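For reference, the chains in residue letters:
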Amino acid sequence: MIPVCRIEDLPEGESVRVEAGDATAAIAVFHTDGAYYAIDDTCSHQDASLSEGWLEGCYVECPLHAALFDLRSGEPTCLPARQPVRTHAVTVVDGMLYVHPAAHTVPGEPARTAPEEAVA
Amino acid sequence: MTTVATVTVVGASLAGLHAARGLRSQGYDGRLVIVGEERHRPYDRPPLSKEFLTGEFPTGDGDPGEGPGRLALTDPEEEAELDAEWLLGVRAEALDTAAGEIRLAGGRTLRTDGVVIATGATPRTLPFPHPAGVHTLRTLDDAIRLRAALRAGAARVVVIGAGFIGAEVASSCAALGLDVTVVEAAPLPLVPQLGEEMARVCAALHARGGVTLLCGAGVAGLRGGGRVTGVELADGRVLPADVVVVGVGVRPAAGWLEGSGLALDDGVRCDQGCVTALPNVVAVGDVARLAQPGTARTVRAEHWTSGMLQGAVAARNLLAGSTVEPFEALPCFWSDQYGARIQYAGRRAPGDTVRVLEGDPADGGGFLAVYERDGMPTAALGIDRPRPFTRLRRELARAPQPAGR
């Protein structure tokens, strides 16, 4: 579980990139459509940071080649990306956002549910 | 179009692959043949001048015999879906439109009803012999050779041409710790693309990477017998070099179409929907020269994005038997140099003014600028400003563009 920021520091329509430690790639956390989402930060097509991408509803557009990813599943919805990015669970505890790096290593599978005790 | 039994895509790179994808996604279920002069399956070229040269890819990727590795644009699953016959390592030599035949190297001919011309472009060379150690960079095999040369103890690299390919190669060589000089014939590189003010900003990136940029420097010759030892400039200076990279632009690979009856004019002439004078022959990507409606202008775009997007449009028009959809995407390109990500979108014309919206071009920390004409935005340029750049790009894509641009 990685602390991201206070919820007031991530307003609707914004995103933030968090380093997830040596073992896991950086993660992008989004606040959009009234919810928080976390996916791997690096576009599965080429080296670009999705936290710098364009948010539209539950989708983020890669800032480099305009591949579109569904934040809920990590699946690309248009070319040039063909591979999904991993999704990660996000929880809020006492006004603090946490991301839970996915235990699974298969991209595109739904993120595991966060531990009950971590959910605010 | 029910008469199409076979479509042949000539060119197995980005644009050709996307045309093939477009044909299948729009319901074409006939025979699909993809002819590629290179031995590789479709792969992505932009990394060749960057991560591929600097060795940031895992070992094995793109090595001879192992294929494009992570540069690959297809995977076995997609190839199965495409259901195409691949003729790789085969050069198309002529198109007989009357007979509906493509002649391949070795004398074989292919009967075809529809043709997608996607043969791309080939690098221009210098007007004198290139000894060993002089490289151009276009294909994966070019990049494999150049990478090997850079790893084989080269210390001094001279890059001829300070366009995007030249600048990216110079940046990669500098990252490898090599001594790099870039030679540019024009007084300032990239002026036609970016205008003088912003071209100056981008030219300054070379200094950031510790690379010497010599502008207004014509090349008079290459020194060295069997192997290059230096570059001789028009003013008599000689720049010592172990490796020379020539990045002086490309020419469209349309020579094989001479005699086909198709209009060739620095590329294959087509209408705004990538359709040539023949409704069953379309052209996409670097080789296609598209009409601009309402003007006498034609445009050939060497942009990755155009190559990708034209495929779907051309496929649709080919299947419809006429142009039912024009290609209207905003021109876009990007470049990574010296740790900076440059992004451009739009249609700047000489005389447009440029206004910085964010950041300061002077301080090296990135910025976002908009080009304007009569108070209307025409293009956007960003360095290390991906998110606001995307916003501006999307606004530009929605905005009505002045006629004829």
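These lines cover the structure that appears in this document, whether it is placed above or below. Small disclaimer: the values here were computed from a predicted structure and weren't measured.

Some points on the overall build of chain B
Looking only at helices and strands, chain B features nine helices and 26 strands. Here the C-alpha radius of gyration of chain B, 22 Å, is about what a compact globule of 405 residues would show, namely 22 Å. C-alpha atoms of chain B, sized along the principal axes, occupy 60 × 55 × 40 Å. Counting every position in chain B, which comprises 405 residues, the buried fraction comes to 56%. For chain B, restricting intrachain contacts to residue pairs at least 6 apart in sequence, the fraction spanning at least 24 positions comes to 62%. Of the roughly 16500 Å² that chain B leaves accessible, carbon and sulfur atoms contribute 50%. Positive and negative side-chain charges of chain B, numbering 41 and 47 respectively, have mean locations separated by a distance of 2 Å.

Regarding the sheet that holds strand 5 (residues 101–104) of chain B
Residues and elements named next belong to chain B. What the three strands build is an open sheet, ordered 4-5-6; its pairing is antiparallel. Taken across any chain shown, the strands that pair with only one partner, and hence form the sheet edges, are strand 4 (92–96) and strand 6 (109–111). The average angle at which neighbouring strand axes cross in this sheet is 20°, direction not considered. Two strands pair when backbone bridges link them, and strand 5 and strand 6 are joined in this way by three bridges, in the antiparallel orientation. Across the sheet, the residue bridging to Glu 101 is Arg 111, located in strand 6.

Some points on the nonpolar core
Residues and elements named next belong to chain B. Core analysis: the biggest nonpolar cluster contains 71 residues, and Leu 23, Leu 32, Ile 102, Val 116 and Ile 117 have the highest contact counts within it. Here Ile 117 is in contact with Val 10, Trp 256, Leu 257, Leu 262, Val 268, Val 281, Val 282, Ala 283, Val 284 and Val 287, once residues within four sequence places are set aside. By size, the runner-up hydrophobic cluster in this structure holds 46 residues, among which are Leu 48, Ala 149, Val 159 and Ala 162.

Quick notes on the rules
- Residues numbered from 1 in each chain as written.
- Chains lettered and ligands numbered in written order.
- Predicted model: local features only at pLDDT ≥ 70, side-chain atom pairs only at ≥ 80, totals over all residues.
- Heavy atoms only, no water.
- Helix = DSSP H or I, 4+ residues; strand = E, 2+ residues; numbered from the N terminus.
- Rg over C-alpha atoms; globule rule 2.2 N^0.38 Å.
- Buried < 20%, exposed > 50% of the residue type's maximum accessible area, 1.4 Å probe, protein only.
- Contact = heavy atoms within 4.5 Å.
- Areas by Shrake-Rupley, 256 points an atom, 1.4 Å probe, with all protein chains shown as cover.
- Lys, Arg positive; Asp, Glu negative; His and termini not counted.
- Charge placed at Lys NZ, Arg CZ, Asp CG, Glu CD.
- Pairing = 2+ DSSP bridges.
- Axes fitted to C-alpha atoms, helices over the stretch in contact; angles between N-to-C directions.
- Core = buried A, V, L, I, M, F, W, Y, C linked by side-chain atoms within 4.5 Å.

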